[in-house]
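# Examination of the molecular architecture
One letter stands for each residue in the lines below.
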Amino acid sequence: MLSTALPIALMLVVLALMMNLYRLTRGPRLPDRVLALDTMYVNSIALVVMFGLWLDSKTYFEAALLIAMLGFVSTVAICKYILRGDIIE
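As the structure is a prediction and not an experimental result, all values here were calculated from the model.

## So, a nonpolar patch on the surface
Together, Ile8, Met11, Leu12, Leu15 and Met19 make up a nonpolar patch on the protein surface, roughly 530 Å² of accessible area in all. Its place among the elements puts Leu12 in helix H1 (residues 2-26). Relative accessible area serves as the criterion here: at 53%, Leu12 is assigned to the exposed category.

Next up, the structure:
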């Protein structure tokens, strides 16, 4: 069951990443692009976790945690830059 569901889920997450890339490049406004970037890192976390399940390795879960931490910090920094024009006061 997992051997058929996992490749299908991987393809769907890659499709979602491509749609996010389209929104990132063609977004009409800056908040749309920030939201697309935020969604891309969430999808990349899902992709890394599913790839770790496929290979049965725990290393990929640690990489997913690192991506999550860096994605959160970068989203906060970008939003603060958009609102105030400066990241560090």
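## Thoughts on the side chain of Asn43
Here Asn43 lies in helix H2 (residues 30-55). Beyond its immediate stretch of four places on either side in the chain, Asn43 contacts Val13, Ala16, Leu17 and Asn20.

## As for H2
Here H2 is 26 residues long and its end C-alpha atoms lie 37 Å apart, about the 38 Å a rise of 1.5 Å per residue gives. Burial in H2 covers these residues: Val34, Ala36, Met40, Tyr41, Asn43, Ile45, Val48, Met50 and Gly52. Against the buried residues of H2 lie H1 and helix H3 (59-84).

## Re the packing of aromatic side chains
Throughout the structure, instances matching the rule amount to 2 aromatic pairs. Ring geometry for Phe51 and Trp54: centres 6.2 Å apart, planes at 80°, overall edge-to-face. In this pair, Phe51 and Trp54 are both assigned in helix H2, 3 residues apart and thus about one turn of the helix distant. Ring centres 5.3 Å apart and planes at 90° place the aromatic pair Phe51 and Tyr60 in the edge-to-face group.

Parameters at a glance
- Residues numbered from 1 in each chain as written.
- Predicted model: local features only at pLDDT ≥ 70, side-chain atom pairs only at ≥ 80, totals over all residues.
- Heavy atoms only, no water.
- Patch = residues over 30% accessible without salt bridge, like charges linked within 9 Å, V, L, I, M, F, W, Y side chains within 5 Å.
- Areas by Shrake-Rupley, 256 points an atom, 1.4 Å probe, with all protein chains shown as cover.
- Salt bridge = Lys/Arg side-chain N within 4 Å of Asp/Glu carboxyl O.
- Helix = DSSP H or I, 4+ residues; strand = E, 2+ residues; numbered from the N terminus.
- Buried < 20%, exposed > 50% of the residue type's maximum accessible area, 1.4 Å probe, protein only.
- Contact = heavy atoms within 4.5 Å.
- Expected span 1.5 Å × (residues − 1).
- Phe/Tyr/Trp six-rings, centres within 6.5 Å; stacked < 30°, edge-to-face > 60°.

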